[in-house]
Amino acid sequence: MHAIRIYEPGLAEVLKYEEMPTPEPGPGEVRIRLRAAGVNHRDIWVRQGAFGGFATPKVPGSDGAGEIDALGPNVKGLNIGQRVVINPGVSCGHCRFCLAGEQPSCQGFQIFDGTYAQFAVVSVNNVVAMPSGLTFAEAASVGVPFITAEDFFMRSQALPGQTVLLWAANGGLGLAALQLAKRRGLRALAVVRSSFKQPERLRQYGADEILVWDGGEDLVAEVMTLTQQHGVDITIDSLGQSTFEQSLAATRRGGTIVSVGSTTGGLVSFELGRVFRRRQTILGAFLGSSAILPRILPLFARGELTPIIDHSYPLEQADQAHEHLESSGVFGKIILEI
Ligand SMILES: [Zn+2]
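Residues numbered from 1 in each chain as written. Predicted model: local features only at pLDDT ≥ 70, side-chain atom pairs only at ≥ 80, totals over all residues.

Considerations on the domain arrangement of the protein chain
Entries for the protein chain in the domain assignment read domain 1 (2–141 + 307–337) and domain 2 (146–284). Between the C-alpha centres of domain 1 and domain 2 there is a distance of 28 Å. Taken together, the contact pairs nine residues of domain 1 with twelve residues of domain 2. Considered class by class, the residues forming the side of domain 1 that touches domain 2 number three nonpolar, five polar and one charged. (Domains from an automatic or database assignment. Contact = placed C-beta atoms within 7 Å. Nonpolar A, V, L, I, M, F, W, Y, C, P; charged D, E, K, R; others polar.)

Written out as structure tokens, the structure reads:
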């Protein structure tokens, strides 16, 4: 089969399109003929070596959709040719966290890598039926961003009428969080950089206010004006170093700051009293329960949520897809068609 493989960490050029052996499914596994893969920021971190080295060449990609092409021994209830989506959380399946549906707290929890390929082998536990009415590209756009956003809204106990501040609102995660925030009846303050040229498009997905921020310190004052000097109830911060202190300052007393990435760097420093005296919660988010994807995929088929795809590339142009995502001017998801 053809796949994208990485031999060493680096820029997009380390993504090599090449021939490799087609994997065979073992007991309890299926092989999927992938038709589309979603490109996530996580794939860039994998490429850069943030999740370990490359003792063996690595196939990146956590989100994918396609058709079941082969069944391993002892697989029941799934059929060859069936359209499916990969549920990207991998966990032991039998510890107390897995049994409670809190897979990301499992000691063995990982996010699947391997969808930048014509075929992927996964456990039957990672297969979700693909609803009709969706294209493969649309189905592959949902996983990581929507599972992550749904999980952090559940855990932050967001209530209708509350206000959420969304950094990087135009990206895949940002637009997932925006759509899910509106379903929960939240008021959304969406932040974009001035390099993003179509900020008004965010309004059609529910942004109540659009704020432009390019690294200065003036965003907190603007948020305070928009919240009668209280601050927001919840802040979603995927940027990290460049924004985290502002996230603390822009969030109200007793509010929640969701840390869900560090695309501008992972080291932050702040005075702890700013958190404990103001009774704030810092909530780490890393994917979510495996029950979420089967629950939300049908909402896309019914039109209650919208897959937002900025651009699709053929698999062999994965390097261009990564460069596009890194340009930070995207609106929604980048997809690889396979
Ligand atoms: Zn477990």
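Still more to cover.
Quick notes on the pairing of strand β16 (residues 309–314)
Bridge count between β16 and strand β17 (residues 333–337): five bridges; the pairing is parallel. The residue bridging Y313 from the neighbouring strand is L336, located in β17. (Pairing = 2+ DSSP bridges. Helix = DSSP H or I, 4+ residues; strand = E, 2+ residues; numbered from the N terminus.)

Some words on the environment of Q280
Of note, Q280 is situated in the loop between α8 (273–276) and β15 (281–284). Sequence separation between Q280 and A37 is 243 residues; the distance between their C-alpha atoms is 37 Å. With near-sequence residues (within four places) excluded, Q280 lies in contact with L248, T251, G254, G255, I257 and V275.

A word on the sheet that holds β15
Here we have six strands laid out as an open sheet, ordered β12-β11-β10-β13-β14-β15, and parallel in their pairing. Every interior strand has two partners, whereas the edge strands, β12 (209–212) and β15, have only one. Strand-to-strand twist across the sheet, computed as the mean angle between neighbouring axes with direction ignored, equals 20°. With five bridges connecting them, strand β13 (residues 232–237) and strand β14 (residues 251–259) associate as parallel partners. Each bridged residue has a counterpart across the sheet, and for T235 the counterpart in β14 is I257. (Axes fitted to C-alpha atoms, helices over the stretch in contact; angles between N-to-C directions.)

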